Amino acid sequence: MNSANVIEIEELETTEPIACCDVRMPAGLLGFEHIKDFLLIAKPAEAPFRWLQVKNNPSLAFVVIEPLFFVPDYRPDIPDADVDFLGLTSPDDAAVYNIVTVHGPRRATVNLKGPVVINRNTGVAKQVVIANAVEYSVQHPLPVNEAA
Amino acid sequence: MLILSRKSGESIVIDGRIHVKIVRVEGDVVKIGIEAPSDVPVHRREVYEEIQRSNQAALTRQNAALPKLPLPQTERPKRKIAKGS
């Protein structure tokens, strides 16, 4: 698993209260191809969740998560064409987030077939249909605290 | 819908920049080769639609309440961060 992802979480919990950065998605998200500009927002109180919010429109947002803690054996196979599109030169360049569907206070699922891959250096991102999508679900359940 | 007949090895060109070639026909399976610029996403339709539906269901508001996840009890991996180096 990419250890660089872990570092980012540590940084978030110990430094800035709200971290935010621009994410440019030239191809949009599947079904939302016309929306290209997003903000990736992290609030420590909501970790490990983050928000992929439509820039200039806080009412449109997606909850995202890095899958490392919850799906430790997740191995998304990013097609070469997408690696080229994103300009990735090493695995450390890529931040992988998966979109969460919150079904209620006790149920949330995560889409493992179509992760959002962000080039850390450029902020360019794409929702990638992974080559091994058949091995994963678009509704993989997250372990939610029963006492929540 | 435009319907064209093609033989194995033949192609069609879309918009002068997208080439779709019938690579092989085996029974009811057709192998198709697609050459398209990197800004033209190409997907299997059923996977595309599955992710599209998932995205639409996931769309929410930035202030929506989030469930609590049990964070693992194991210590987080540590690594020195050399910023700006």
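Remember, predicted model here, so these are calculated numbers, not experimental data.

Asker: An account of the pattern of salt bridges is requested, with residue identities and associated values reported.
Answerer: All names here are of chain A. Counted under the stated rule, the structure contains 9 salt bridges over all chains. Across the pair Asp-37 and Arg-24 runs a salt bridge, and its minimum N-O distance is 3.1 Å. Taken together, the positions of Asp-37 in strand S2 (residues 37-42) and Arg-24 in strand S1 (residues 19-24) put the pair 13 residues apart, joining distant regions of the chain. Take Asp-37: its relative accessible area is 33%, and that puts it in the partly exposed class.

Asker: How would you explain the confidence of the model for chain B if you had to name every residue and give the values?
Answerer: For chain B, the mean per-residue pLDDT works out to 84, and 80% of the residues sit at or above 70. With a pTM of 0.79, the predicted complex shows an ipTM of 0.82.

Asker: Talk me through the interface of chain A and chain B; I want residue IDs and the actual numbers.
Answerer: Opposite the 47 residues of chain A that make contact, chain B presents 33 residues. Summed over both sides, the interface of chain A with chain B buries roughly 3700 Å², with 66% coming from carbon and sulfur. Our enumeration of links across chain A and chain B arrives at 1 salt bridge. Counting across the interface, chain A meets chain B through 4 residue pairs in polar contact (both at pLDDT 80 or more). Elements with a minimum of two residues in the side of chain A that touches chain B: helix H1 (3-14), strand S3 (49-54), strand S4 (61-65) and strand S5 (94-104) of chain A. Of the residues belonging to the side of chain A that touches chain B, the class tally is 30 nonpolar, 10 polar and 7 charged.

Here is what the cut-offs are and how they apply
Residues numbered from 1 in each chain as written. Chains lettered and ligands numbered in written order. Predicted model: local features only at pLDDT ≥ 70, side-chain atom pairs only at ≥ 80, totals over all residues. Heavy atoms only, no water. Salt bridge = Lys/Arg side-chain N within 4 Å of Asp/Glu carboxyl O. Helix = DSSP H or I, 4+ residues; strand = E, 2+ residues; numbered from the N terminus. Buried < 20%, exposed > 50% of the residue type's maximum accessible area, 1.4 Å probe, protein only. pLDDT = per-residue confidence, 0-100. Contact = heavy atoms within 4.5 Å. Buried area = accessible area lost by both parts, 1.4 Å probe. Polar contact = N/O pair within 3.5 Å; in protein donor to acceptor, adjacent residues only side chain to side chain. Nonpolar A, V, L, I, M, F, W, Y, C, P; charged D, E, K, R; others polar.

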